[in-house]
Amino acid sequence: VRLLRIFLGSFVVSLQRELAFRTDFVVRILLTLLTAAGTIGTLAAVYTRVRTLGGWNYGDAVIVLGMFVMVNGALQALVEPNLEWFQGKVRNGLLDDILLKPAPSAFLASLATSRPFALIDVFIGGAVVAFGESRISVVVSVGRVAAAGLFLAVGVMVAWAIRFVLATMAFWAGGLELTVLFAAPWQLGRYPTDVYGGRLRFFLTYVLPVAFVSTFPARALSHSLDLRTLLAGVAMAVLAVGVGLSLWRAGLRRYTSATS
Amino acid sequence: MITVEYSRRVFLNWVTGWSWSLTLLANGAVAPLIGMAIWTRATSGRIDVVSYFAALLVINRFTGSNSVYTFSGTIYDGQLTDALLRPHAVVLSELGWYFGIAVFDVVFLVPVLLALAVLTPTHVGWSGVLLAVPATVLAAATAFVFNFALACTAFWTQRYFSVADAGFRLVFLFGGVAAPIPLLPTGVRSWFDVMPFRWMRGFPAEIAAGMTRGRGIAFGFAMQLAWLVVLGLICRAVYRVGIKRFTALGG
């Protein structure tokens, strides 16, 4: 409850700060709408040439895209403002400020600041999912929606964990700027991972598990999904969060303020 | 000479911070590789599609520009004052940024190209390369003035995030990175022809891959020249109006 209060307090402060940049806000909404429409259009162009891609038809692929836009929106709004240029914070000793505050450092390092307007992407992603759902023949039941919602929560946790783990690498490899490198493979989540080849699909499921972010939630909604996969997803989320927190603690032991 | 000196400095900076530079290089390669994976599958492994994205991977590096970050930054923090006091045009240092990074990219793109030639069924003919080179030069020039004009919006705004993002996304969606424009349905394609983005990104790759031939190439060169003139004039006008608003720090 205390963490939630801190989170909400910082969210309100961030919102007030964002409201000072109204042009940025308007351009951002227009861009997100344009990108969503453009990417749906690109998918439509791909599907003028094939009926299915890696076993996914057009409506299914649009749902995957919508799920990705939702999780990406949450990540960009709540996590990214904290972890971008994290390597510089470690090198310059700016983590001291976080470590001296009376709240869990992992929480403050990854969730204390936000970019509330990016949450618009979550709603636009939801609209894209609804559009994709209207293009599939499967009847979407309450059970499927609940399973997809659970997987979406798993996706958000996994996304946070991936991003957090990459940020903690700054304690060991200060020269590598993994923030930018992360953005590239992350974009692979826009398409169903079945579209990619065998090794890449394995990598995107077990090593950098972006499959949990968009493909599995979409599969829960449009395909049948067994209980075992659902449990595997929850286990993956718990494991990913656990790995993230363990690496953070190990990294902090190496941190010696500035020039660490 | 001034631009050469700026380029040398940027190149050396880029080499010194090689891990960051290579990260950017790798990051820029992902969009064409995703496009290659999706479109090769959708077209049952067409060689010209593979070649298109391989060429795009290279062309992407020369048709981008950091102006939105570098030049906008100097407007926000007032450092543009320093550039204005120097006895040469402000744009020369931006050109220095561009060429410095381009030279760095050439050095590191050679092994990438060799890997692509070995690992993928890429086929690019000499005539395609000879025509793609001037098309890439025109595309890079058009992209530079477009990005510089976007950077000048910093005279009126307080943040460049969304403006920088706008430039990136427009070129990605309408320039031929998300989808090769010759593969789009005919009705849609004409919309892409009248916008500038195809001519500053995908067109040279189309020539290299043999997707666009004959009259299509002549039409493309004409469109590139036309957009270069139009965007160049817009860029100059935006800069001239904007610079009058600049009031050093916080301008």
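Keep in mind that this is a model prediction, so the values were computed, not measured.

Before going further, it helps to spend a moment on the overall build of chain A. What chain A contains, in helices and strands, is 12 helices and zero strands. Going residue by residue from the N terminus, the α and β elements of chain A occur as α-α-α-α-α-α-α-α-α-α-α-α. Expressed as lengths along the three principal axes of its C-alpha atoms, the size of chain A is roughly 55 × 40 × 35 Å. Within chain A, the proportion of its 260 residues that are buried is 50%. A separation of at least 24 residues holds for 83% of the contacts in chain A among residues at least 6 apart in sequence.

Glancing now at helix 2 (residues 22-46) of chain A. Its 25 residues give helix 2 of chain A an end-to-end C-alpha distance of 36 Å, which sits within 8% of 36 Å, the value for a rise of 1.5 Å per residue. Listing the buried residues of helix 2 of chain A in full gives A:D24, A:L31, A:T32, A:T35, A:A36, A:G38, A:T39, A:I40, A:T42, A:L43, A:A45 and A:V46.

Here we come to the side chain of A:D194. Of note, A:D194 is situated in the loop between helix 9 (178-186) and helix 10 (198-207). Here A:D194 falls in the buried class, since its relative accessible area comes to 16%. There is a polar contact of 2.6 Å between the side chain of A:D194 and the side chain of A:W56. Here A:D194 is in contact with A:G54, A:W56, A:R201, A:R219 and B:R41, once residues within four sequence places are set aside.

Facing the 31 residues of chain B at the interface are 34 residues of chain A. Buried surface at the junction of chain B and chain A, both sides included, amounts to about 2,800 Å², of which 69% is carbon and sulfur. Between chain B and chain A we count zero salt bridges in total. For the interface between chain B and chain A, the tally reads four residue pairs in polar contact (both at pLDDT 80 or more). Counting residues per element, the ones that place at least two in the side of chain B that touches chain A are helix 2 (18-42) and helix 8 (161-174) of chain B. Examining the composition of the side of chain B that touches chain A, we find that 13 residues originate from one element, helix 2 of chain B, more than from any other.

A few words on the nonpolar core. Of all hydrophobic cores here, the largest spans 149 residues; its most connected members are A:Y47, A:F86, A:W186, B:I38, B:W39 and B:F71. Examining the composition of this core, we find that 16 residues originate from one element, helix 3 (residues 58-83) of chain A, more than from any other. Setting aside anything within four residues of it in sequence, one finds A:F86 in contact with A:L95, A:A109, A:A167, A:A170, A:F171 and A:W248.

Before going further, it helps to examine the packing of aromatic side chains. Residue and element names in this part refer to chain A. Applying the stated rule across the entire model yields 28 aromatic pairs over all chains. Relative to Y206, the ring of F202 lies with its centre 4.9 Å away and its plane at 45 degrees, an arrangement referred to as tilted. Residue F202 and its partner Y206 are both found in helix 10; the two are separated by four residues, about one turn of the helix. This pair shows no difference in class: F202 is exposed, exactly as Y206 is. A network of ring pairs unites the aromatic residues F86, W160, F164, F171, W172, W248 and Y255 as a single cluster.

This brings us to the environment of A:F11. All names here are of chain A. One can find F11 in helix 1 (residues 2-18). With 103 residues separating them in the primary sequence, F11 and S114 have C-alpha atoms 6.0 Å apart. Residues in contact with F11, not counting those within four places in the same chain, are L78, S114, P116 and L119.

Let us look at the state of the cysteines. Evaluated as defined, the whole model comprises zero disulfides over all chains. Here B:C235 is not cross-linked by a disulfide; its sulfur's nearest cysteine counterpart is in B:C152, at 5.5 Å.

Right, let's get into the side chain of B:Q224. Relative to the assigned elements, B:Q224 resides in helix 11 (residues 215-245). In this structure, B:Q224 is in contact with B:A135, B:L138, B:A139, B:T142, B:W199 and B:F203, ignoring residues within four places of it in sequence.

Bringing the packing of helix 7 (residues 126-152) of chain B against helix 11 of chain B into the picture now. Residue and element names in this part refer to chain B. Two elements in contact, helix 7 and helix 11, have axes separated by 9 Å at closest approach and are oriented at 25 degrees. Judged on the interaxial angle alone, helix 11 and helix 7 are roughly parallel. The handedness of the crossing between helix 7 and helix 11 comes out as left-handed. Across the interface between the two elements, L131, P134, A135, L138, A139, A141, T142, V145, F146, F148, A149 and C152 from helix 7 touch I217, F221, Q224, L225, W227, L228, L231, G232, C235, V238 and Y239 from helix 11. In terms of residue class, the contact of helix 7 with helix 11 is made up of 20 nonpolar, three polar and no charged.

Attention now goes to the environment of A:L188. Mapping A:L188 onto the fold places it in the loop between helix 9 and helix 10. Each C-alpha atom of the pair A:L188 and A:G233 lies 19 Å from the other, and the pair is 45 residues apart in sequence.

Glancing now at the environment of B:F203. Residues and elements named next belong to chain B. For F203, the location among the structural elements is in helix 10 (residues 202-209). Overall, F203 belongs to the buried group, its relative accessible area being 0%. Residues contacting F203, with those up to four places away along its chain left out, are A135, R198, T212, G216, I217, G220, F221 and Q224.

Tallied over the entire structure, the rule returns eight salt bridges over all chains. A:R219 is the partner of A:D194 in a salt bridge, and the nearest nitrogen-oxygen pair spans 2.7 Å. Pair noted here: A:D194 is in the loop between helix 9 and helix 10 and A:R219 is in helix 11 (residues 215-222), with a separation of 25 residues, a long-range link. Taken together, the salt bridges that share partners define one network made up of B:D193, B:R198 and B:E206.

So, how was this worked out
Residues numbered from 1 in each chain as written. Chains lettered and ligands numbered in written order. Predicted model: local features only at pLDDT ≥ 70, side-chain atom pairs only at ≥ 80, totals over all residues. Heavy atoms only, no water. Helix = DSSP H or I, 4+ residues; strand = E, 2+ residues; numbered from the N terminus. Buried < 20%, exposed > 50% of the residue type's maximum accessible area, 1.4 Å probe, protein only. Contact = heavy atoms within 4.5 Å. Expected span 1.5 Å × (residues − 1). Polar contact = N/O pair within 3.5 Å; in protein donor to acceptor, adjacent residues only side chain to side chain. Buried area = accessible area lost by both parts, 1.4 Å probe. Salt bridge = Lys/Arg side-chain N within 4 Å of Asp/Glu carboxyl O. Core = buried A, V, L, I, M, F, W, Y, C linked by side-chain atoms within 4.5 Å. Phe/Tyr/Trp six-rings, centres within 6.5 Å; stacked < 30°, edge-to-face > 60°. Disulfide = S-S within 2.5 Å. Axes fitted to C-alpha atoms, helices over the stretch in contact; angles between N-to-C directions. Parallel < 35°, antiparallel > 145°, perpendicular 65-115°, else oblique. Left-handed = near helix turned anticlockwise from the far one by under 90°. Nonpolar A, V, L, I, M, F, W, Y, C, P; charged D, E, K, R; others polar.

Purely spatial values, then, with no claim about function.
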